[in-house]
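Structural overview
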Amino acid sequence: EMAEAIGDRQMQYSTLFNLATIMQDRGEWNDAVAIYRQGERLLEEIGWGHARYQNLQRQAESEIALGRIDRALRHLQECLSRGDAILEPANRVNTRTFLFDAYLRACADEFAEAAIADGRRLVDELRIEEALETVQLREGRWLAARRLWASAAVAFGDAAAQARSQNHGS
């Protein structure tokens, strides 16, 4: 309300984004999508490019949780095709890990494997330490989906060690 009163659309957007993130953390996926869409309308007015793609990524995350893979893929394909040139390296990796999540959920194994391999390539090539854990978790999920239990356990252990080194205990 305060941001609206003074006409600060960037602060309005940031507030909406934070509220939607809280909704996601609570598992209130439909509410999160609705709030992200409100934020998207503000971003269209502002023209704030990188935030638009972060917003689409988060919408996609909620859509995946709701089983609406088609919507998630639409958002993520836009992030990949248009947002990759704008997003920070860690968010470029996020596009690929969310693509992995969507494809794995849709049982599109070849696409899932390609998405996580591309995420790993970016992490290694650009040395994106803060994105390593999320890739390792997906690699563990991929190995578990392939029933390669011992390798999956190693990948999850690597992700846990990386999380501890980055102080992301959970």
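Look up: the structure comes first, before these words.
Right, let's walk through the structure included here. Along each chain, the written sequence defines residue order, and numbers are assigned to residues from 1. Residues qualify for local features only when their pLDDT is at least 70, as the model is predicted, and side-chain atom pairs are given and counted only at 80 or more; totals for whole chains, interfaces and linings, by contrast, use all residues. To obtain the side-chain values, all non-hydrogen atoms of the structure were included, while hydrogens and water were left out.

1. Details of the environment of Q57
Looking at where Q57 falls in the secondary structure, it is placed in helix α4 (residues 49-65). It is 25 Å that separates the C-alpha atoms of Q57 and R164, two residues lying 107 residues apart in sequence. In this structure Q57 touches L76, C79, L87, N91, N94, T95 and F98, once residues within four positions along its chain are discounted. Any pair of N or O atoms that falls within 3.5 Å is considered a polar contact. Within protein, one atom must be able to donate a hydrogen and the other to accept it, and sequence-neighbouring residues count only if both atoms are side-chain atoms. Within polar-contact distance, the side chain of Q57 engages the side chain of T95 at 2.7 Å. To qualify as a helix, a DSSP run of H or I must reach at least 4 residues; to qualify as a strand, a run of E must reach at least 2; elements of each kind are numbered from the N terminus. Contacts are assigned to residue pairs with any non-hydrogen atoms lying within 4.5 Å of each other.

2. So, the pattern of salt bridges
What counts as a salt bridge is simple: a side-chain nitrogen of Lys or Arg found within 4 Å of a carboxyl oxygen of Asp or Glu. Scanning the entire structure with this criterion turns up 17 salt bridges. A salt bridge links D109 to R146; the nearest nitrogen and oxygen atoms lie 3.0 Å apart. One end of the pair, D109, is in helix α7 (residues 109-126); the other, R146, is in the loop between α8 (129-145) and α9 (149-165), and 37 residues separate them in sequence. Taking relative accessible area as the criterion, R146 reaches 36% and is therefore assigned partly exposed. Residue R120 pairs with E139 through a salt bridge whose shortest N-O separation is 2.8 Å. With R120 in helix α7 and E139 in helix α8, the pair connects residues that are 19 residues apart, well separated along the chain. In the salt-bridge network here, residues are joined through shared partners; they are D84, R92, R96, D118, R121 and E125. For every residue, the accessible area obtained with a 1.4 Å probe (protein chains only) is divided by the maximum for its type, and the residue is called buried under 20%, exposed over 50%, and partly exposed between those limits.

3. Looking at the layout of surface pockets
The calculated volume of the largest pocket comes to roughly 380 Å³. A cavity here means a set of points on a 1 Å grid, drawn over the protein atoms and nothing else, where a 1.4 Å probe fits but cannot get out; a pocket is an open set with protein on both sides within 12 Å along at least five of seven lines, and a residue lines either one if it has an atom within 4 Å of a point. Lining the largest pocket we find 13 residues, and of these E61, N94, F98, T134 and R138 sit closest to its centre. Among the elements of the structure, α4, α6 (89-105) and α8 are those that each provide at least two residues to the lining of the largest pocket. Counted by class, the lining of the largest pocket contains three nonpolar, six polar and four charged residues. Grid points are joined across faces, edges and corners, and a volume is the space filled by probe spheres set on the points. One number sums up the size of the second largest pocket: a volume of about 170 Å³. Three categories are distinguished: nonpolar for Ala, Val, Leu, Ile, Met, Phe, Trp, Tyr, Cys and Pro, charged for Asp, Glu, Lys and Arg, and polar for the others, with Gly belonging to the last.

4. Some remarks on α9
Expected span of a helix, by definition, is 1.5 Å for each gap between consecutive residues, and there is one gap fewer than residues. In a regular helix each residue adds 1.5 Å, so 17 residues correspond to 24 Å; α9 covers 24 Å between its end C-alpha atoms and thus fits that length. Residues of α9 that are buried: A152, A155, A159, Q162 and A163. What you see down the axis of α9 is that its buried residues fit within an arc of 105°, all on one side. In α9, the exposed positions that point more than 90 degrees away from the buried face belong to A150, V154 and R164. Positive backbone phi, approximately 60°, marks N167, located one or two places after α9. Throughout, the arc means the angular range of directions from the helix axis out to the C-beta atoms.

5. Looking at α8
The first and last C-alpha atoms of α8 sit 25 Å apart over 17 residues, in line with the 24 Å expected at 1.5 Å per residue. Every buried residue of α8 is listed here: A131, L132, E133, T134, V135, Q136, R138, E139, G140 and W142. At the C-terminal side of α8, R147 shows a positive phi close to 65°.

6. Considering the side chain of T21
With respect to the helices and strands, the residue T21 is situated in helix α2 (residues 9-25). Among the polar contacts made by the side chain of T21, one reaches the main-chain carbonyl oxygen of F17 at a distance of 2.9 Å. Apart from residues no more than four positions distant in its own chain, T21 is found in contact with Y36 and R58.

7. With respect to the packing of helix α3 (residues 29-46) against α4
Packed helices, taken two at a time, are described by the angle their axes make and the gap between the axes. A fitted line through C-alpha atoms represents every axis, and for helices the fit uses only the stretch in contact; the resulting angles, taken between N-to-C directions, go from 0 to 180 degrees. Two numbers describe how α3 lies on α4: the axes approach to 9 Å, and their chain directions differ by 160°. By the angle between their directions, the pair α3 and α4 is classed as roughly antiparallel. Along this stretch, α3 crosses α4, giving a crossing that reads as left-handed. For the pair α3 and α4, contact is made by W29, A32, V33, Y36, R37, G39, E40 and L43 and by A51, R52, N55, L56, R58, Q59, S62, E63 and A65, respectively. Its residues assigned to classes, the contact of α3 with α4 shows eight nonpolar, four polar and five charged. Here the word oblique covers every angle except those under 35 degrees (roughly parallel), over 145 (roughly antiparallel) and from 65 to 115 (roughly perpendicular). Handedness of each helix crossing follows the sense of rotation of the near helix against the far helix: counterclockwise by less than a right angle gives left-handed, clockwise gives right-handed.

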